[in-house]
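Summary of the model geometry
Here's the letter readout for the chains.
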Amino acid sequence: MSTIVYAARRIVTMNPGQPFATHVAVREGRILGAGSLESLKGWGKFDLDERFKDKVILPGFVEGHSHAYEGGVWKFPYVGYFDRTSPDGKRSAGLKSLDEVVAALQAYEKTLPRDGSTLLAWGFDPIYFTGRRMNVADLDKVSTERPVLVLHSNFHVLNANTPVMAKARITRETNVHGIVKDARGEPTGELAEFSAKYLAYRAAGIELADLLSDEAATWGFAKVAQLAGVTTATDLHNPLPGGTVDGYVKASSSDAFPIRLLPAFAGASVPTSEAIPRLRELMKKNNERLRFQLVKLVTDGSIQGLSARMRWPGYYDGTPNGVWNTGPDELDKMVLDYHREGFQVHIHTNGDEASEVAIEAVEKALVAAPRWDHRHTLQHAQMADAGQFRRMKALGMCANLFANHLFYWGDIHYAKTLGPERAERMDACGTALATGVPFAIHCDAPVTPIGPLFTAWCAVNRLTASGRTLGEAEKISVADALRAITLGAAYTLKLDEELGSIDVGKRADFAILDDDPLAVPSVKLKDVGVWGTMLGGRIFEAPKA
Amino acid sequence: MSAQIPFTVIGGFLGAGKTTLLNRLLAGVEGRRFAVLVNDFGALDIDGKLIARHGGDTIALANGCVCCTIGDSLVETVLKLLERPETIDHIVVEASGVADPGRIADLGVLDERLSRDGVVVVADADQVRARAADKRVGDTVLRQLQAADLIVLNKVDLADDLAVMRCWLSTHSQAPVLEAQHCAVPLDLLFGLDRRGASGKPTPANSFRSWSYSWPEPVDRAALLEVLHDATVLRGKGIVRFRDSPDRRSIVHQVGKRIDITDGGPWSDTEESQLVLLGVRPVLGSL
C-alpha cells in the first residue's frame, strides 16, 4: 500500500472547497488528498515525487462526445486543411490548396504496393479553398490503376477517381441523388451521403465503420486522446457488433490502455426490446477502463451538411429543411423505453427543431415515468436558444455543446447556413451557464481533432477560422471552460462522483500540463502544452513531436 | 440484363401499413424468392411453422423467402445480401417512417446486380393529410408522396371524405393510387410479374388484370409513352422496337408513374415487339 505524493507548480482541483493545491497524494490509483505537503503528511509514509514540480496538474480531461473512429482513420493518410496530430504524436501539416492535396496523395501512392488496392484518404475540407472543386481528373493524377477515394472531413461526402466511377458505372446518365455533376452534366467525382457510402463500400470492399473500429483503432483512439490530456472519452454512437466489443474489452483490459472508454450504444440500430437486454449484458463486461452504460439516439443531420432540422425561418440561404434520422414519434417511444429502464439517453440534435423535439420527448417520458436525476443530454444542441435552455433546466437535462464548430464552420454558419444573429448565439455556453444547465463542450472527433484545451479555447474566445468573433455575449471564462472539460463533462456522463475533480477518494486521473491555463492569456489557451496524463495513478508521458 | 434483381422500396409514414403490406407479401408469394429487409422482425407476423431457419438478423422461410433486419447500415445489409449464395428473385426494402424512399431506391440504380423497381408508398387515408400539415413532419410526408411511383392509399374505410382525399392526393403526387383496406392490393401490381411473365395468384376480388401485346412492325415512341402515362396503366414490361431506333431493342419498364427505357442491344429480325401491361382496363389497341 504505497503512497506517492506528487508536487506540482500548481494543482487546479475543480473542488470549490480548495480550488488550488501544490501537492496531491495518490494511493491505490485513487486520490488520497490534495493540499500542501504539510497537510498530506498525516496519511503516513509516502514517497515524494517531484518530476511535475514545474508542471500544472488538472483533473484528467473528459471528452463527452467523440468517436473511436478517430483511432481508425489514422490507418489512412490525412489530407485536411488544418494541422493534425496522429496517435503516435506526429503532426500532419495542413494542406492549403488542391494542388498540395494532389501532390501529397501522389507521394503516398508511390509507397503502396502495385496490387491495385484502394487508396483511401480522409479529412479533406475544400470549404477553405477558393476556386474550383476537386474532380475526377485531379484524382486520376494520383492513379488511374487503383481506386482512389478521398473522404471529406464530415465523412458524408467523398471524391473518387475514374476506376471507382467506372466500377460503379456512374456516367452522365446516372440519375441518383448525391452524384455531383458539372455544368455539362458530367459527374465530377464528388459524391454525397448514400452514394458516397455505397461507393466507399464497393471500392474498399467492406463497411468503413467496421474498418475503423477494431482493436487497433481502439488503441489509436486512446493514444490520440491521451496526447491531448484526455483520461476519459466516449465513443458516442456505435451499434457495438461483436468484433467491436471484443476489441474494446481486449484493449481496455491492458494496464497500458491510457483512457477510460465509454461507448454509447446506437439506440435505434435495433428495436429497444432487443437493445435493452443486450446493453445489460454488455454492462457485465465493464471494467475500470470500459463502461457500457450510455445510449445514443440521433434525430437530425448536420447544419453544414444542410440536413439539420430547423425551426422557422430555416436555413439562411433558403435551403429546404433537413431530414429526420429518427422522427418525432419514434423518438418519443425510444426515449421512453430507455428512460423507463433507467438508462441515460444522449440525443444528437443540431437544428433547433431537433432540440425542441428531443426536449419534448424527455418531457413526455417524465410525465409517463417520473424519474429523478436522469441527466438526459442533448448532444451538439448547436442552435438551442435561451428558451430551450430554460426548458432543459426545468426538466433536469444536460447539454454538450459543439464549441469546436465555432472555429471550423463558424464563418460558413455566419454567411450561409444560419446568418449573423443565429450564428452568434450558436453553441451557447454563456446561456447554458446563465440558465444553470449542466454542460460540457466537445470535439466530435474525428469530425474535428480531439483536444479539450482547444475546445475550451473555442468556448472562451469564439473565434472563427477567419478571425471573426462569433457572439461576444456567449463567451465564458477560462475557469468555466476548464470546468466544462473536466467535472462538467463528467456530470453529463454520470461519472462526476468518481472523476472530474481532484478530490479525496476520486480516481487519480490527471492532465499534466506545461503551463497554467488560468495564467496564460486566454487566446493562448489552446497552445498550453500537454506533458502527459495519469490514469488511475499510472503515468503516461505524451511522445514529443 | 435478366440476371438483375428487381429492387423495390416500400415507404410511408409510421403507422401507414407498411408492415401489413409486407406480411401480405410473405404470406401470398408463390414461386419467387423474395428477400424482405425490415427494421424490426417483431412487427412481422410470421407463422412459426413457416420458419426454416432463424439466424439472428436473418429468418429463412420455408417458401424460399428470407427476411433480414437492416440494423445500422442499409447499404451494408443490401450488399451483404447480394454476396449470399442463394438465389434471390426480388429484394424489398422497408424504409423507415421518416426516410425518403426515393433515396433508398437509388441503390437499385447504383449497383449493377440490381434493377431499380418501384417505390411504393403506403399512405393512411385517415391520417396522411393531418401528417402532411404537421409543422415537424409535414415536409417528410410530402417528400415521400413525391418520391412514390405507386401509392397504396390504405385504410380507405376509415377516411371521412374519400373524394376530398383523392383530390388532395392528386395535387401532391403524380403517382397512380391504389385504394385499399388492410393493404389488400394485388401483389403483382406492386412487385411485377415473375421472370417467366406469369402472374401469381389470381385476385378475383378486384378488377386488375394483365394484358399482353405484340407488334411485328416498329412502334411510335410518343404514342406508346402516351398510352403508358394513362392513369389506368400501373405496370408495364416489355422489349420494343421503336420507329426512331429500329436497330435496337428498347427495354421498357414501368412502375406507376416511372417509366424507364433502356437499351437492350441490337434488334434481331426474328422477334416482335412485346409488352405486358397490368392495369385496370385494356388501353392498347394497335399502335
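Everything numeric here is computed off the predicted structure, so don't read it as measured data.

**Looking at the overall build of chain A**
Of the regular secondary structure elements, chain A holds 19 helices and 23 strands. Once the C-alpha set of chain A is aligned to its principal axes, its extents read approximately 80 × 55 × 45 Å. Expressed as a percentage of the 545 residues in chain A, the buried residues total 56%. Within chain A, residue pairs in contact and separated by at least 24 positions form 72% of the contacts whose partners lie at least 6 positions apart.

**Considerations on the interface of chain A and chain B**
Quite often, the size of an interface is put as the accessible area lost when its parts meet. Facing 26 residues of chain A, the contacting portion of chain B comprises 21 residues. Elements with a contribution of two residues or more to the side of chain A that touches chain B: helix 6 (193-204), helix 11 (328-340) and helix 12 (352-368) of chain A. For the side of chain A that touches chain B, the element with the most residues is helix 6 of chain A, which contributes 5 residues. Taken together, the residues that form the side of chain A that touches chain B break down as 13 nonpolar, 7 polar and 6 charged.

**Here we look at the domain arrangement of chain B**
Residues and elements named next belong to chain B. When cut into domains, chain B gives domain 1 (5-191) and domain 2 (209-279). Between the C-alpha centres of domain 1 and domain 2 there is a distance of 26 Å. Listing elements by their share of the side of domain 1 that touches domain 2, those giving two or more residues are strand 7 (114-124) and helix 7 (187-191).

**What to know about the sheet that holds strand 13 (residues 187-192) of chain A**
Residues and elements named next belong to chain A. Strands sit in the order 9-10-11-13-12 across an open sheet of 5 strands; the sheet is mixed. Among the strands making up the open sheet, the edge pair consists of strand 9 (119-124) and strand 12 (179-181). For this sheet, the mean inter-axis angle between neighbouring strands, taken without regard to orientation, is 25 degrees. Along the sheet face, helix 6 touches strand 9, strand 10 (148-152), strand 11 (157-160), strand 12 and strand 13 and points at about 100 degrees away from the line of strand 13.

**A look at the sheet that holds strand 6 (residues 61-63) of chain A**
Residues and elements named next belong to chain A. Pairing is parallel across the open sheet formed by 8 strands, whose spatial order is 6-14-15-16-17-18-19-20. Where the open sheet ends on each side, the last strands, each with one partner, are strand 6 and strand 20 (439-441). For this sheet, the mean angle separating the axes of adjacent strands, direction not counted, is 20 degrees. The pairing of strand 14 (residues 230-238) with strand 15 (residues 260-266) spans 5 bridges and is classified as parallel. Bridge pairing in strand 15 links T234 to L262.

**Side note on the domain arrangement of chain A**
Residue and element names in this part refer to chain A. Considered domain by domain, chain A is made up of domain 1 (69-210) and domain 2 (213-499). Distance between the C-alpha centres of domain 1 and domain 2: 28 Å. Taken together, the contact pairs 18 residues of domain 1 with 20 residues of domain 2. Looking at the side of domain 1 that touches domain 2, the elements with two or more residues in it are helix 2 (69-72), strand 7 (84-85) and helix 7 (208-211). No other element matches helix 2, which puts 4 residues into the side of domain 1 that touches domain 2. Tallied by class, the residues present in the side of domain 1 that touches domain 2 amount to 7 nonpolar, 8 polar and 3 charged.

**Details of the packing of helix 8 (residues 215-227) of chain A against helix 9 (residues 242-252) of chain A**
Residue and element names in this part refer to chain A. Two elements in contact, helix 8 and helix 9, have axes separated by 8 Å at closest approach and are oriented at 50 degrees. As summarised for this structure, helix 8 and helix 9 are arranged oblique, according to the angle between their axes. Relative to helix 9, helix 8 is oriented so that their crossing is right-handed. For the pair helix 8 and helix 9, contact is made by E215, T218, W219 and A222 and by G247, Y248, K250 and A251, respectively.

**Quick notes on helix 12 of chain A**
Turn by turn, an α-helix covers 3.6 residues, leaving residues three or four places apart pointing in a common direction. Residue and element names in this part refer to chain A. Spanning 17 residues, helix 12 covers 24 Å between terminal C-alpha atoms, matching the ideal 24 Å at 1.5 Å per step. Of all the residues in helix 12, the buried ones are D352, E353, A354, S355, E356, V357, A358, I359, A361, V362 and A365. Against the buried residues of helix 12 lie helix 11, strand 17 (344-349), strand 18 (377-380) and helix 13 (386-395).

**Let's talk about unusual backbone geometry**
Omega for the peptide link from A:W312 to A:P313 comes to 5 degrees, which places this bond in the cis form. Mapped onto the fold, A:P313 is located in the loop between strand 16 (294-298) and helix 11. With an omega of 10 degrees, the peptide bond between A:A445 and A:P446 qualifies as cis. Its place among the elements puts A:P446 in the loop between strand 20 and helix 18 (452-461). If you check the backbone angles, A:R462 has positive phi at about 50 degrees while not being a glycine. Here A:R462 shows up in the loop between helix 18 and helix 19 (478-492). Its identity as a non-glycine residue notwithstanding, B:C183 has a phi of 60 degrees, on the positive side. Inspection of the secondary structure assignment puts B:C183 in the loop between strand 9 (177-179) and helix 7.

**Remarks on the confidence of the model for chain B**
Interpretation of this model should avoid reading the predicted coordinates in detail wherever pLDDT is low. Mean pLDDT over chain B stands at 87; residues scoring 70 or higher make up 91%. Here the predicted complex scores 0.93 on pTM and 0.89 on ipTM.

Rules behind the numbers
One numbering rule holds for all chains: residues counted from 1, following each sequence as written. Here the convention is simple: chains get letters from A, ligands get numbers from 1, in the order in which they are written. Confidence filtering applies because this is a predicted model: local features only for residues at pLDDT of at least 70, side-chain atom pairs given and counted only at 80 or more, and all residues used for totals across whole chains, interfaces and linings. Going along the chain from the N terminus, every DSSP run of H or I of four or more residues is numbered as a helix, and every run of E of two or more is numbered as a strand. Buried means a residue has 20 or more other C-beta atoms within 10 Å of its own C-beta, exposed means 12 or fewer, and partly exposed covers the counts in between; C-beta atoms are placed from the backbone. We call two residues in contact when the distance between their C-beta atoms, placed using the backbone, is within 7 Å. Side-chain classes are defined by residue name, with Ala, Val, Leu, Ile, Met, Phe, Trp, Tyr, Cys and Pro counting as nonpolar, Asp, Glu, Lys and Arg as charged, and the others, Gly among them, as polar. For the domains described, the bounds stem from an automatic or database domain assignment. Whether two strands pair comes down to DSSP finding at least two bridges between them. A fitted line through C-alpha atoms represents every axis, and for helices the fit uses only the stretch in contact; the resulting angles, taken between N-to-C directions, go from 0 to 180 degrees. Relative orientations are named as follows: roughly parallel for angles under 35 degrees, roughly antiparallel for angles over 145 degrees, roughly perpendicular for angles from 65 to 115 degrees, and oblique for any other angle. By convention, the crossing between two helices is left-handed when the near helix turns anticlockwise from the far helix through less than a right angle, and right-handed when the turn is clockwise. Given a helix with a known number of residues, its expected span is that number minus one, times 1.5 Å. The predictor attaches a confidence to each residue, and that confidence, scored 0 to 100, is pLDDT.

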